[in-house]
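Residue-level structure breakdown
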Amino acid sequence: MDCVFCKIASGEIPSRKAYEDSKVLAFYDLDPQAPVHILLIPKEHISSCKEVTEENSYLVAHIFQVAAKLAAELGLENGFRIVANTGEDGGQTVPHLHFHLLGGRSMKWPPG
Ligand code: 5GP
Ligand code: ZN
């Protein structure tokens, strides 16, 4: 499949890894929007939040556990933000489920 994050998950496209196990990969975003900007993805291709199901939602739960661990390791004790842009209105540009872990600065609300 011609999916950039599947290629990153398989190692075909290199990335700066923050965490990896058999199910999940976390890697630094190419275009960071905060001092810490990591993307967390399931290695299995899931297109977006719209395709999360009873069968695959354990991957989302696992990603949130990894995000909490990374945030603690990276010293984000003052807080952080996890974002999953979904579909066109959500501003999703890569059609492989991913969670942005953003931290190291104060975040604004609402987002643009
Ligand atoms: P989205 O806009 O879909 O929520 O987020 C996609 C993110 O992937 C963007 O923040 C973009 O900078 C990042 N990105 C796109 N291609 C690559 C890549 O090849 N490597 C890395 N590390 N990040 C990428
Ligand atoms: Zn994919």
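Please refer to the structure placed before this passage.
Residues numbered from 1 in each chain as written. Chains lettered and ligands numbered in written order. Predicted model: local features only at pLDDT ≥ 70, side-chain atom pairs only at ≥ 80, totals over all residues. Heavy atoms only, no water.

Points about the pairing of strand β1 (residues 17–20)
Keep this limit in mind: At least two DSSP bridges between two strands are required for those strands to pair. In this description a helix means any DSSP run of H or I spanning at least four residues, a strand means any run of E spanning at least two, and both kinds are numbered starting from the N terminus.
Relative to strand β2 (residues 24–28), β1 runs antiparallel, the two being bridged by 3 bridges. For Tyr19, the partnering residue across the bridge sits in β2 and is Ala26. A loop of 3 residues connects β1 with β2, the two strands running antiparallel in sequence.

Digging into the nonpolar core
Under the convention used in this document: By nonpolar core is meant a set of buried Ala, Val, Leu, Ile, Met, Phe, Trp, Tyr and Cys residues that side-chain atoms within 4.5 Å join together. Partly exposed residues are those whose accessible area sits between 20% and 50% of the maximum for their type, while under 20% is buried and over 50% is exposed, using a 1.4 Å probe and protein chains only. Contacts are residue-level and defined by heavy atoms, with any inter-residue pair within 4.5 Å sufficient.
Grouped together as the largest cluster of nonpolar side chains are 17 residues, with contacts concentrated most on Ile38, Leu40, Leu70 and Phe99. Examining the composition of this core, we find that 7 residues originate from one element, helix α2 (residues 57–73), more than from any other. Non-local contacts of Ile38, meaning those with residues more than four positions away in its chain, are made with Ala18, Ala26, Phe27, Tyr28, Asp29, Leu70, Leu74, Phe99, His100 and Leu101. By size, the runner-up hydrophobic cluster in this structure holds 10 residues, among which are Ile8, Phe27, Leu39 and Val94.

A look at the coordination of the zinc ion (ligand 2)
What counts here: Water is not part of the atom set, so a site may look incomplete; the donors themselves are N, O and S atoms within 2.8 Å of the metal, or 3.2 Å for Na, K and Ca. Sites are called tetrahedral only when four donors show all angles between 85 and 135 degrees, square planar or octahedral only when four or six donors show opposite pairs over 155 degrees and all other angles between 65 and 115, and irregular in any remaining case.
The protein atoms that coordinate the zinc ion (ligand 2) are Cys3 (SG), Cys6 (SG), His45 (ND1) and His96 (ND1), at distances spanning 2.0 to 2.3 Å. For the zinc ion (ligand 2), the 4 donor atoms in the first shell make angles of 105 to 117° at the metal, a pattern classed as tetrahedral. Counting residues between consecutive donors of the zinc ion (ligand 2) along the chain gives the motif C-x2-C-x38-H-x50-H. Overall, Cys3 belongs to the buried group, its relative accessible area being 4%.

Quick notes on the site of ligand 1
Which entries qualify depends on this criterion: Only a single heavy atom is needed: when it lies within 4 Å of a molecule or strand, its residue is near that molecule or strand. Any pair of N or O atoms that falls within 3.5 Å is considered a polar contact. Within protein, one atom must be able to donate a hydrogen and the other to accept it, and sequence-neighbouring residues count only if both atoms are side-chain atoms. The accessible surface values rely on the Shrake-Rupley method and a 1.4 Å probe; as for residues, cover is taken only from the protein chains in view.
Around ligand 1 lies a shell of 16 residues, among which Tyr28, Asp29, Asn85, Thr93 and His100 are the nearest. Contact between ligand 1 and Thr93: an oxygen atom at 2.7 Å from a main-chain N or O atom of the residue. When isolated, ligand 1 has an accessible area of 520 Å², and the protein chains bury 82% of it. Within the residue set of the shell around ligand 1, elements represented by two or more residues are α1 (4–10) and β2. In terms of residue count, the dominant contributor to the shell around ligand 1 is α1 (3 residues).

Structural notes on the pairing of β2
Counting buried residues in β2 gives 4 out of 5 residues, a clear majority hidden from the surface. In terms of strand pairing, β2 meets strand β3 (residues 36–42) through 5 bridges, oriented antiparallel. If you follow Ala26 over to β3, its bridge partner there is Leu40.

Comments concerning the side chain of Asp21
Rule in force here: We treat Lys and Arg as the positive residues and Asp and Glu as the negative residues; His and chain ends play no part in the count. In what follows, salt bridge is the name for a side-chain nitrogen of Lys or Arg lying within 4 Å of a carboxyl oxygen of Asp or Glu.
By the secondary structure assignment, Asp21 is in the loop between β1 and β2. Despite its burial, Asp21 pairs with no opposite charge, the nearest such side chain being Lys23 at 5.2 Å. A polar contact of 2.7 Å, which involves the side chain of Asp21, links it to the side chain of Tyr19. A distance of 2.8 Å separates a polar atom in the side chain of Asp21 from the backbone nitrogen of Val24. Those residues in contact with Asp21 that lie beyond four places of it in its chain are Lys43 and His62.

Some remarks on the sheet that holds strand β5 (residues 99–103)
Formally: Inter-axis angles, ranging from 0 to 180 degrees, are taken between N-to-C directions of lines fitted to C-alpha atoms, where helices are fitted over the stretch in contact.
Taken in spatial order, the 5 strands line up as β1-β2-β3-β5-β4 in an open sheet, and their pairing is antiparallel. Looking at which strands have only one partner, the edges of the open sheet turn out to be β1 and β4 (80–83). Recorded for the sheet is a direction-independent mean angle of 20° between the axes of neighbouring strands. Alignment of β3 against β5, held across 5 bridges, turns out to be antiparallel. Each bridged residue has a counterpart across the sheet, and for Val36 the counterpart in β5 is Gly103. Against the sheet, α2 engages β1, β2, β3, β4 and β5, with an angle of about 155° to β3.

Remember that the coordinates give geometry; whether it matters functionally is a separate question.
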